[in-house]
Amino acid sequence: MTNVAEMTLGEWQARLIEKSAIIMSHFVETTREDRLRWRPSTEEASQTRSVMEQLGECIFANQRFLAIFRGDEPATPPASFDSFGEVPEATALLKSSAAALAAEVRKLKGDDLMKTVQTHRGPMPAALAMQFPVRNMTYHMGQMNMIQLLYGDTAFHITEEFTTL
């Protein structure tokens, strides 16, 4: 690994993307099996998503931003974000989507950061767009933690990735 002090902004963000996928995978792996596809609700109009659906949405988002940075046309969202079998398959897909995206983000240097990329949220500088995958995974980790709390799991599920650079 490159010394943190010597990393480019793209290298740093790529590392955060990979670490976020590892941390999120841990949240999924520590969710009780009978709650992985549970959609907690308080009323009929509830629109919550399960842990597996949230994981699938993060995989899709990583793939979308990979296409954006490559200049390819991003895929349309799938009919269901829960299209995989078991947890090991799902977390492997999350980590591989993050690794592919991170490899592309690592290429961004200097002026590349201010080049405009077209996203589903409109045009923005690459420096801003490369933050979205981490923000998305972090947001969904919080939702996964809330699901765990709702079914009574009060353990704080973190890994070494949470406390290391």
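Residues numbered from 1 in each chain as written. Predicted model: local features only at pLDDT ≥ 70, side-chain atom pairs only at ≥ 80, totals over all residues. Heavy atoms only, no water.

Undergrad: Give a description of the packing of helix α2 (residues 51-70) against helix α3 (residues 87-106) that names residues and reports values.
TA: Where α2 contacts α3, the two axes come as close as 9 Å, and the packing angle between them is 25°. Comparing the axis directions of α2 and α3 gives the class roughly parallel. For the element pair α2 and α3, the recorded crossing hand is left-handed. Touching Met52, Leu55, Cys58, Ile59, Asn62, Gln63, Phe65, Leu66, Phe69 and Arg70 of α2 are Val87, Ala90, Thr91, Leu93, Leu94, Ser97, Ala98, Ala100, Leu101, Glu104 and Val105, all from α3. Residues belonging to the contact of α2 with α3 are distributed by class as follows: 15 nonpolar, four polar and two charged. (Axes fitted to C-alpha atoms, helices over the stretch in contact; angles between N-to-C directions. Helix = DSSP H or I, 4+ residues; strand = E, 2+ residues; numbered from the N terminus. Parallel < 35°, antiparallel > 145°, perpendicular 65-115°, else oblique. Left-handed = near helix turned anticlockwise from the far one by under 90°. Contact = heavy atoms within 4.5 Å. Nonpolar A, V, L, I, M, F, W, Y, C, P; charged D, E, K, R; others polar.)

Undergrad: With reference to specific residues and values, describe the pairing of strand β2 (residues 122-125).
TA: Two faces belong to every sheet, and in a regular strand the side chains alternate between them. Bridge analysis of strand β1 (residues 116-119) against β2 gives four bridges, and the strand direction is antiparallel. In the sheet register, Gln118 faces β2, and the bridge partner there is Pro123. (Pairing = 2+ DSSP bridges.)

Undergrad: Give a detailed account of a nonpolar patch on the surface, specifying residues and quantitative values.
TA: A surface patch of nonpolar side chains, about 280 Å² in accessible area, is lined by Met146, Leu149 and Leu150. Mapped onto the elements of the fold, Leu149 is located in helix α5 (residues 132-150). Its relative accessible area of 41% is what places Leu149 among the partly exposed residues. (Patch = residues over 30% accessible without salt bridge, like charges linked within 9 Å, V, L, I, M, F, W, Y side chains within 5 Å. Areas by Shrake-Rupley, 256 points an atom, 1.4 Å probe, with all protein chains shown as cover. Salt bridge = Lys/Arg side-chain N within 4 Å of Asp/Glu carboxyl O. Buried < 20%, exposed > 50% of the residue type's maximum accessible area, 1.4 Å probe, protein only.)

Undergrad: So what's going on with the nonpolar core? Which residues, and what values?
TA: Of all hydrophobic cores here, the largest spans 39 residues; its most connected members are Leu55 and Phe69. Looking at this core, the elements that each hand over two or more residues are α1 (9-29), α2, α3, α4 (126-129) and α5. The biggest single contributor to this core is α2, with nine residues. Leave out the neighbours within four places in its chain, and Leu55 touches Met24, Val28, Phe84, Ala90, Thr91, Leu94 and Met144. (Core = buried A, V, L, I, M, F, W, Y, C linked by side-chain atoms within 4.5 Å.)

Undergrad: Residue-level account of the pattern of salt bridges, with values.
TA: Oppositely charged side chains are able to pair whenever their charged atoms sit close together. Summed over all chains, the structure comprises seven salt bridges. A salt bridge links Asp34 to Arg32; the nearest nitrogen and oxygen atoms lie 2.9 Å apart. One salt bridge in this structure joins Arg39 and Glu53, with 2.2 Å as the shortest N-O distance. Linking Arg39 in the loop between α1 and α2 with Glu53 in helix α2, this pair joins segments that are 14 residues apart in sequence. A single salt-bridge network, built from bridges that share partners, covers Arg70, Glu104 and Lys107.

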